[in-house]
Amino acid sequence: MNVQAPPAVAWRVFTEQMGTWWPLAIYKIGKANAVDALIEPRVGGRWYERGDDGSTCDWGSVLSWEPPSRLVLSWDINAGWQYDPELKTEIEVHFIADGKDATRVELEHRKLDRYGARRDEMRTIFDNTGDWGRLLSAFAQTAAASARNVG
C-alpha cells in the first residue's frame, strides 16, 4: 500500500491516531460503543478499544516498537470475535520511505494456524474479503490528509 505521507507521519497516524481511521462503529468487540482505538507506545503495551462509557477491551499487545519503520502487534481476537490472550496471531507492519513524501506500508498477518479448524475461514476474512485492505485504505487517506495539513 502506497501512502502519500512521509514515514514519520504515516507511523504517527497508524500508531497514535488509529481511532481516526479505524471504523469503530463496525470493527469493535466491546459491548459499549467504541470511541477510540489505542496502542500503548512500547513493547508490552496494550492494543485496545475504548468505549463511550470509559470501558476498555483488549485486542492484543505490542511485540516490537521501532518508530518510524516497524511495528509488530499481537492480534488476540479469536474466530468468534472475542479477546483471547492465548491466541497471539501477529501483525507486522513496515513503513518504508518511497521518495521524499511517500511511504510504502506493508502489513503481514501471520500465525493464522492458531485459529485451528477455522484458519482458512479467517485467512479469507483477512485477505480475500479485503478487511485489512479496507483498513489500510482508510489509514492511507487519513495519513495523506495529515501530511497535507502538516506540509
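Before reading further, recall that the structure is shown in the block above.
Residues numbered from 1 in each chain as written. Predicted model: local features only at pLDDT ≥ 70, side-chain atom pairs only at ≥ 80, totals over all residues. Heavy atoms only, no water.

Quick notes on the packing of aromatic side chains
This structure, assessed with the given rule, holds 19 aromatic pairs. Aromatic side chains F14 and W21 sit 5.2 Å apart centroid to centroid with 40° between the ring planes, which places their arrangement in the tilted category. Both residues of the pair, F14 and W21, belong to the buried class. Plain terms: the ring middles of W21 and W22 are 5.9 Å apart, the flat faces sit at 55° to each other, and that makes the pair tilted. With respect to class, W21 is no different from W22; both count as buried. The ring of Y48 carries R46 above its face, with NZ or CZ at 3.9 Å from the centroid. (Phe/Tyr/Trp six-rings, centres within 6.5 Å; stacked < 30°, edge-to-face > 60°. Buried < 20%, exposed > 50% of the residue type's maximum accessible area, 1.4 Å probe, protein only. Lys NZ or Arg CZ within 6 Å of the ring centre and 35° of its normal.)

What to know about the layout of surface pockets
Its boundaries defined by the atoms lining it, the largest pocket holds a volume of some 220 Å³. Broken down by secondary-structure element, the contributors of at least two residues to the lining of the largest pocket are helix 3 (119–128) and helix 4 (131–150). The biggest single contributor to the lining of the largest pocket is helix 4, with three residues. Of the residues belonging to the lining of the largest pocket, the class tally is 12 nonpolar, no polar and three charged. (1 Å grid on protein atoms, 1.4 Å probe; cavity = no way out; pocket = protein on both sides within 12 Å on 5 of 7 lines; lining within 4 Å. Points joined across faces, edges and corners; volume = space filled by probe spheres on them. Helix = DSSP H or I, 4+ residues; strand = E, 2+ residues; numbered from the N terminus. Nonpolar A, V, L, I, M, F, W, Y, C, P; charged D, E, K, R; others polar.)

Here's the deal with the pairing of strand 5 (residues 70–75)
Within strand 5, five of the six residues are buried, leaving the element largely enclosed by the surrounding structure. In this structure, strand 4 (residues 56–66) lies alongside strand 5, joined through four bridges in antiparallel fashion. Within strand 5, the position partnered with S64 by the bridge is V72. Hairpin connection between strand 4 and strand 5: a loop of three residues separates the two successive antiparallel strands. Summarising the sheet, strand 5 and strand 6 (residues 89–97) pair through six bridges and their orientation is antiparallel. Across the sheet, residue S74 finds its bridge partner in strand 6, namely E90. (Pairing = 2+ DSSP bridges.)

None of this, on its own, says anything about what the molecule does.
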